[in-house]
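# Remarks on the overall topology
Listed here are the chains, written in short residue letters.
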Amino acid sequence: MLDDIERILFQEETILRRLDALAREVTEAYRGKELVVIAVLNGSLIFTADLMRRIPLPLQLDCLSVASYHGGVESSGFVTFDQVSLPNVKGKHVLIVDDILDTGRTLHAIGERLRAEAAPASIRICVLLRKEKQRVESLEADFVGFDIGDEFVVGYGLDYAERYRNLPFVGVLRKEVFSGRLGPD
């Protein structure tokens, strides 16, 4: 697996230090409010768990399973919700936590569906990574761990073909791996 990484962008220690700062920002923004954290599965699982443990507020956790990459390295343009019902967030303040803000399609679709069907008091977005690029949907994150270039990254929850999530760092995947010249093994 390590041979498939072109370079490491953020080591685990750097990520955890940034999470300390992000948790302080989130804590200040939601102090005295009823907070529901919605983790976007599967990519945000590690990030959400590490972030939540640093937020000293009462909160509720829920998860949404959605997909837009469908096994590729670019968003397919179609966001699929893998569950029929949404979390009960009526009148509550929602923080959507995702691994990466890329095209904006996934987070936009989640926000629109929550607003239309679940009536939250507010919705904010927290991402570990924000790609510096033009977005398909007009959307920005309220809380951002790191800005990165438009590269395909894995590790710390992010995957390619459901692999590499368990790497303790965020790294750029070698193009040969996802262009078919090498396998993801």
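To be clear, the structure that these remarks concern was listed above.
Below, the structure is looked at part by part. (Residues numbered from 1 in each chain as written. Predicted model: local features only at pLDDT ≥ 70, side-chain atom pairs only at ≥ 80, totals over all residues. Heavy atoms only, no water.)

## Description of the nonpolar core
Here is the rule we go by: For the purposes of this section, nonpolar cores are sets of buried Ala, Val, Leu, Ile, Met, Phe, Trp, Tyr and Cys residues that join through side-chain atoms within 4.5 Å. Working definition: with a 1.4 Å probe on protein chains only, accessible area under 20% of the residue-type maximum means buried, over 50% means exposed, and in between means partly exposed. Under the scheme used here, helices are H or I runs from DSSP no shorter than 4 residues and strands are E runs no shorter than 2 residues, and both carry numbers assigned from the N terminus. It only takes one pair of heavy atoms within 4.5 Å for two residues to be counted as in contact.
Of all hydrophobic cores here, the largest spans 28 residues; its most connected members are Phe47, Leu128, Leu129 and Val170. Put simply, the parts of the chain that give this core at least two residues each are helix H1 (12-30), strand S2 (35-41), helix H2 (45-52), strand S5 (93-101), strand S6 (122-131), strand S7 (143-148) and strand S9 (170-173). Not counting residues within four places of it along the chain, the set of residues in contact with Phe47 comprises Leu19, Leu22, Val97, Asp98, Cys126, Val127, Leu128 and Tyr156. Leu64, Val94, Leu107 and Ala118 belong to the second-largest nonpolar core, a separate cluster that totals 20 residues.

## A closer look at the environment of Ser65
You can see Ser65 is positioned in strand S3 (residues 59-67). For the pair Ser65 and Glu13, spaced 52 residues apart in the sequence, the C-alpha separation amounts to 28 Å. Residues within four places of Ser65 in sequence aside, it is in contact with Leu41, Thr80, Phe81, Asp82 and Gln83.

## Quick word on the sheet that holds strand S8 (residues 153-154)
Threshold: Paired strands, in this sense, are two strands between which DSSP finds at least two bridges.
Strand order in this open sheet of three strands is S1-S9-S8, and the pairing throughout is antiparallel. Both edges of this open sheet fall to strand S1 (5-10) and S8, since each of them pairs with a single strand only.

## Focus on the pairing of S5
The test is simple: Orient the strands so they point away from the viewer, and a crossover whose first-strand-to-second-strand path over the helix runs clockwise is right-handed.
Most of S5 is tucked away, with nine of its nine residues classed as buried. Across five bridges, S2 lies against S5 in parallel orientation. Pairing of Ile38 across the sheet is with Ile96, part of S5. Note that S5 and S6 share eight bridges and pair parallel. Counted as the bridge partner of Leu101 is Arg130 from S6. Each parallel crossover has a hand, and for S5 linked through helix H3 (residues 105-117) to S6 it is right-handed.

## Observations concerning the sheet that holds S6
To keep things clear, this is the line we draw: Fitted lines through C-alpha atoms give the axes, limited to the stretch in contact for helices. The angle between two N-to-C directions lies from 0 to 180 degrees.
Spatially, six strands are ordered S4-S3-S2-S5-S6-S7 in an open sheet, and the strand pairing comes out mixed. The open sheet has two edge strands with one neighbour each: strand S4 (80-81) and S7. By the bridge criterion, seven bridges tie S2 to S3 in an arrangement that is parallel. Directly across from Val37, in S3, lies its bridge partner Leu61. In the packing of H1 onto the sheet, contacts are made with S2, S5, S6 and S7, and the angle to S7 comes to roughly 145°.

## So, the packing of aromatic side chains
For clarity, the cut-off: Each Phe, Tyr or Trp ring (for Trp, its six-membered ring) is paired with any other whose centre lies within 6.5 Å, and the angle between the two planes then decides the class: stacked below 30 degrees, edge-to-face above 60, tilted in between.
Scanning the model with the defined rule gives four aromatic pairs in all. Between Phe10 and Phe146 the ring centres are 3.9 Å apart and the planes differ by 25°, which places this aromatic pair in the stacked class. With Phe10 in strand S1 and Phe146 in strand S7, the pair connects residues that are 136 residues apart, well separated along the chain. Here Phe146 falls in the buried class, since its relative accessible area comes to 12%. A network of ring pairs unites the aromatic residues Phe152, Tyr160 and Phe178 as a single cluster.

None of the figures reported here should be taken as evidence of function without further support.
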